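Take a look at the letters that make up each chain.
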Amino acid sequence: MQPPIAPFRQVVLKVASRCDLACDHCYVYEHADTSWRERPMVMSDETAVQVADRIVEHAAAHRIQTTHVVFHGGEPLLAGIERLRRFSRTLRGSVEGVCDLDLRIHTNGVLLSRAYCDMFADEGIKVGVSIDGDRLANDRHRLYANGHSSYEQVVRAITLLRDHYRHLYAGLLCTIDVRNDPIAVYEALVALRPPRVDFLLPHATWDHPPLRPGGQETAYADWLIAVHDRWRADGRPVPVRMFDSIILTASGGDSQTESLGLRPSDLVVIETDGSYEQADSLKTAYDGAPATGLDVFRHSLSEAALHPGFAARQGGLDSLAEECRRCPVVASCGGGLYAHRYRTGNGFDNPSVYCADLFRLISHLVEYERQSPPVPVHRLPTATLDALASGNASADDVAQLRAPQLSRARLAARRAATVVADQESWSILLNAERTDRAAVDDLLSHPYVHAWATRCATAGPARLTAADAGHLAAVAAVAAVRTGLAVKVTVPVVGNFLHLPGLGRMRTGGRDRAEVEAHDGSFAVRADGPWLSQDSPLWQPVRTLDATGPGLLLDDVDPYRDCYGTPVEDRLTGEAAAALGEVVGAALASLTADKRAAVRAGLRVVTPLPSGAAGASSRTAYGAVALPLGADPATTARLLVEHFHRAQLGGLLDLLDLAAGDANLELLLSDAYGLLSVAELLGDEEIARLGTAISRITGGAHSAVGRRFAAGLAEAAARLPLPAGSRRR
């Protein structure tokens, strides 16, 4: 019986088999394998056509949705502009209607020019560049054959991408040399504002171990830990694939790199002559190590996938050395890069030559994540705590909760991005933040963006839906619109709509994905037909409740507004929206000036519920309340105030441990705080409920700050002019 095939989703296409640099750490030309000497210098058009046919055949047979192709070398730019253009068009033309094509090129950058970038823009090719840090670090290895520096040319190329072709800029790859200053390398890379950084351990085996100055057993871990700790202290200014992969796999997710984790390899290399090879890194093991004896002219990709070399990397934990299988960090390490396990005599049945480094690095990152505070430290003035407990908080008191809630929202977004593992969208968000941080903060703190991020972070990779994962692209698109960036992203279509949080939704029909193009603060959407702008009748914007004063949104379209545990209304007609606005406006007008100001200081979004519903707020959607349709202004005012206060109590519980970790006590606090805010409107049954709750709260176990808050609640309740016969005993 034929064993099951693990299909290839990543293809490294060797379009050129020579290089214009003479980097002494290059695994292609400076390590054990010499097969490059016998191969054509560039791939022929005939071979490229055959490659395209094999990719289409493979994608159709295995129902692959997206194939990732990287033009590689040697130095792939040596293939020339027109040849690369032809290869790109050959690939795209072949796969059309079968699968999507993610096309990239990885270069040393020295030949990169506007002409190349213009062609890459035309053909949709993203560009990654290798650079080892600052000038001193880069010139340690990345030199021309005559010994001259390549640093100026590489920085010029990266600057061209960053400043003029940002949408093509895919990231930077840095090979570590522990003799370089880790912080100087980190700062040099971050200064180039990359969408992502990859750190690469220098290729080595047990036969040819890596450089370890002074015999330091964990020199590479120590170097990377210095970078990691500075990166975390800086607020993760750029995604780092190695760090993100370790954090993700430690929580049960999939690795984002072949060098870590237990995910089966899905990568194949196709050389300039059409030969199928295993991962390039194997060239460091021994001469001919990556060879398969198969090629695109005589064999399909499915046949190549059955080769023992590929099969050896499909077994997950069972394919590792016994020592690795017993290791407590194996889920994150995965035995390290396959090539780094090689030793003459028993091949790859060994731990990585970087085993000690990987153990120390992973252990440090996991412990750092465990111990680091979930949000930046925020302090609440005692006077504000007392005012909130009394129910007489001012607008300034309510505003004290904004900063901690923003921190929670930003943290939830970072965790969601780690779970989703969509580096491209996260990079757009980071770039938007550099352009206008206030605009991105406003987006991330939108109640339903926060609700989405919390859902993703809570679900984890195993239970993440495609819609949840794809929503990060929608958030990134809105960030680009709000900050004026020019980007194009693919966003999922859910229920025939493409959703842009805080902006609205576009009806798109039966497609499951659509493109959003942002430019100069506006956007257009294309699903299956022409581009549609905000002027399209298919666009349904988030509206404002004009009768309530400036800035209060009516959000009846966001897919994550279903966070209240009760059904929500779908898009209201114009008449129904206006009627709700009038009622909410009248409800606000009925409040005292101070209470109205406090509500407006903490309320951002109203979402409609069906008629007869009780109103709602959500701990994950701070700044939003849900109100029923059809209620009169008095009922609406009561529900608005009660659920606004429940939301404020949730914000306090996010910041302070009022209940000593007792979930039931937290529920009692929320119930009492909401009822207390509208005590003058309560009937006898609700007053009795309030009295019971207050009694149980004051008798409960609290932290010191919780006892102060509970005492404030009790004092406020005792001062209320409740009807005779209904006072609490």
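Residues numbered from 1 in each chain as written. Predicted model: local features only at pLDDT ≥ 70, side-chain atom pairs only at ≥ 80, totals over all residues. Heavy atoms only, no water.

*Asks:* Can you break down the environment of Val605 residue by residue, with the values?
*Replies:* On the secondary structure map, Val605 appears in strand β19 (residues 605–609). In sequence terms Val605 and Gly502 are 103 residues apart; their C-alpha atoms lie 9.6 Å from each other. Among all residues touching Val605, those that are not within four sequence positions of it are His446, Pro447, Tyr448, Leu552, Leu553, Asp555, Gly623, Ala624 and Val625. (Helix = DSSP H or I, 4+ residues; strand = E, 2+ residues; numbered from the N terminus. Contact = heavy atoms within 4.5 Å.)

*Asks:* Requested: an account of unusual backbone geometry, with residues and values cited.
*Replies:* With omega at 20°, the peptide bond leading from Gly73 into Gly74 counts as cis. Note that Gly74 resides in the loop between β2 (66–72) and α2 (81–95). Although it is not a glycine, Arg63 sits at a positive phi angle of roughly 50°. Relative to the elements of secondary structure, Arg63 occurs in the loop between α1 (45–62) and β2. In this model, Asn496 sits at a positive phi of 70°, which is unusual for a non-glycine residue. Given the relative accessible area of 39%, Asn496 is considered partly exposed. (Buried < 20%, exposed > 50% of the residue type's maximum accessible area, 1.4 Å probe, protein only.)

*Asks:* For the pairing of strand β4 (residues 125–130), give the residues involved together with the corresponding values.
*Replies:* Where burial is concerned, most of β4 is hidden: six out of the six residues are buried. The alternating pattern of β4 places Ile125, Val127 and Val129 on one face and Lys126, Gly128 and Ser130 on the opposite face, and all of these are buried. In this structure, strand β3 (residues 100–107) lies alongside β4, joined through five bridges in parallel fashion. Following the sheet pairing, Thr107 is matched in β4 by Val129. (Pairing = 2+ DSSP bridges.)

*Asks:* Any details on the sheet that holds strand β8 (residues 275–277)? Residues and values, ideally.
*Replies:* Pairing is mixed across the open sheet formed by nine strands, whose spatial order is β6-β5-β4-β3-β2-β1-β7-β8-β9. Each having just a single partner strand, β6 (197–200) and β9 (291–295) make up the two edges of the open sheet. Strand-to-strand twist in this sheet, taken as the mean axis angle between neighbours without regard to direction, amounts to 25°. With two bridges joining them, strand β7 (residues 267–270) and β8 adopt antiparallel strand pairing. Following the sheet pairing, Ile270 is matched in β8 by Tyr276. (Axes fitted to C-alpha atoms, helices over the stretch in contact; angles between N-to-C directions.)

*Asks:* Account for the packing of helix α7 (residues 219–233) against helix α13 (residues 355–371), with residues named and values stated.
*Replies:* Interaxial distance between α7 and α13 falls to 8 Å at its minimum, and their mutual angle equals 20°. As judged from the angle between their axes, α7 and α13 are roughly parallel. Both α7 and α13 take part in a crossing whose hand is right-handed. Residues Ala219, Tyr220, Ala221, Asp222, Leu224, Ile225, His228, Asp229 and Arg232 of α7 touch α13, and the partners they reach there are Asp357, Arg360, Leu361, His364, Leu365, Tyr368 and Glu369. (Parallel < 35°, antiparallel > 145°, perpendicular 65-115°, else oblique. Left-handed = near helix turned anticlockwise from the far one by under 90°.)

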